[in-house]
Amino acid sequence: MGLDIYFKRVNKIDFQFAKKKDTQDAYDELEIENVGYFRKVNCLLPFFGYEDNLSIHPIEKCQIEELVSIAKELLKEHHAINSSILSYKEILEVYKDDKKKTKEIQEKITALWANFAEIASKKLPTTSGFFFGYTEYKEWYVNDLTEIVNVFEEILNSTDFDIDQIFMYCWW
């Protein structure tokens, strides 16, 4: 069990026709291509405004471009913070026998992570749910950001938005 998020591509005209008919047969006849899958990347739900389990939610090109931009910005922020953390960890090794200095450095590292969490929670917040996974802004979140950039840049590069519609479908 968990949050499974699918992004699919379909011809806009065929999709509108099936939607108008609103029959299972009409939807079954659609040629649907899977273009992205995420597992428990719950920040995608509030970003795209997805609320109802098992619903089809259309996604616009401008939304994808904005998401990629935000994810890249957060990755750049994380890289800067991570560089500082690595520097502090090197210093920490030098002062490992000095408890007072060790505590000060650990507090600085914690503050850096808290700063990243504050920025991320404003730009691309996570959301909680029974099967949605973690909501902390730690390494798994950063890994998700990288995956978001990779998948959605591929969608942008391979989709003709004049002809095709991207939609989101979730199961939890």
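Residues numbered from 1 in each chain as written. Predicted model: local features only at pLDDT ≥ 70, side-chain atom pairs only at ≥ 80, totals over all residues. Heavy atoms only, no water.

Draft legend 1. View of the packing of aromatic side chains. Here the structure, examined in full by the defined rule, presents 17 aromatic pairs. Seen in terms of ring centroids, Phe116 and Tyr141 are 6.2 Å apart; in terms of plane orientation they differ by 70°. Their pairing is edge-to-face. Highlighted residues: Phe116 in helix H5 (residues 99-123) and Tyr141 in helix H6 (residues 139-158), separated in sequence by 25 residues. A relative accessible area of 1% means that Tyr141 is categorised as buried. Connected via pairs of aromatic rings, a cluster forms that spans Trp113, Phe116, Tyr134, Tyr137, Trp140 and Tyr141. Over the ring of Tyr95 we find Lys101, and its NZ or CZ is 5.4 Å from the ring centre. (Phe/Tyr/Trp six-rings, centres within 6.5 Å; stacked < 30°, edge-to-face > 60°. Helix = DSSP H or I, 4+ residues; strand = E, 2+ residues; numbered from the N terminus. Buried < 20%, exposed > 50% of the residue type's maximum accessible area, 1.4 Å probe, protein only. Lys NZ or Arg CZ within 6 Å of the ring centre and 35° of its normal.)

Draft legend 2. Seen up close, the packing of helix H4 (residues 61-94) against H6. Contact geometry of H4 with H6 gives a least axis separation of 9 Å together with a crossing angle of 145°. Remark: the crossing between H4 and H6 carries left-handed chirality. Residues Lys61, Ile64, Glu65, Leu67, Val68, Ala71, Lys72, Leu74, Leu75, His78 and Asn82 of H4 lie in contact with H6, whose contacting residues are Glu139, Tyr141, Val142, Leu145, Thr146, Ile148, Val149, Phe152, Glu153, Ile155 and Leu156. For the contact of H4 with H6, the per-class residue count stands at 14 nonpolar, 3 polar and 5 charged. (Axes fitted to C-alpha atoms, helices over the stretch in contact; angles between N-to-C directions. Left-handed = near helix turned anticlockwise from the far one by under 90°. Contact = heavy atoms within 4.5 Å. Nonpolar A, V, L, I, M, F, W, Y, C, P; charged D, E, K, R; others polar.)

Draft legend 3. Layout of unusual backbone geometry. In this structure, Asp22 is a non-glycine residue whose phi angle is positive, near 50°. By the element assignment, Asp22 lies in the loop between helix H1 (12-21) and helix H2 (24-28). Assessed through its relative accessible area of 56%, Asp22 is described here as exposed. At Lys40, a residue that is not glycine, the phi angle is positive and equals roughly 60°. Structurally, Lys40 can be placed in the loop between strand S2 (33-39) and helix H3 (44-48). Taking relative accessible area as the criterion, Lys40 reaches 29% and is therefore assigned partly exposed.

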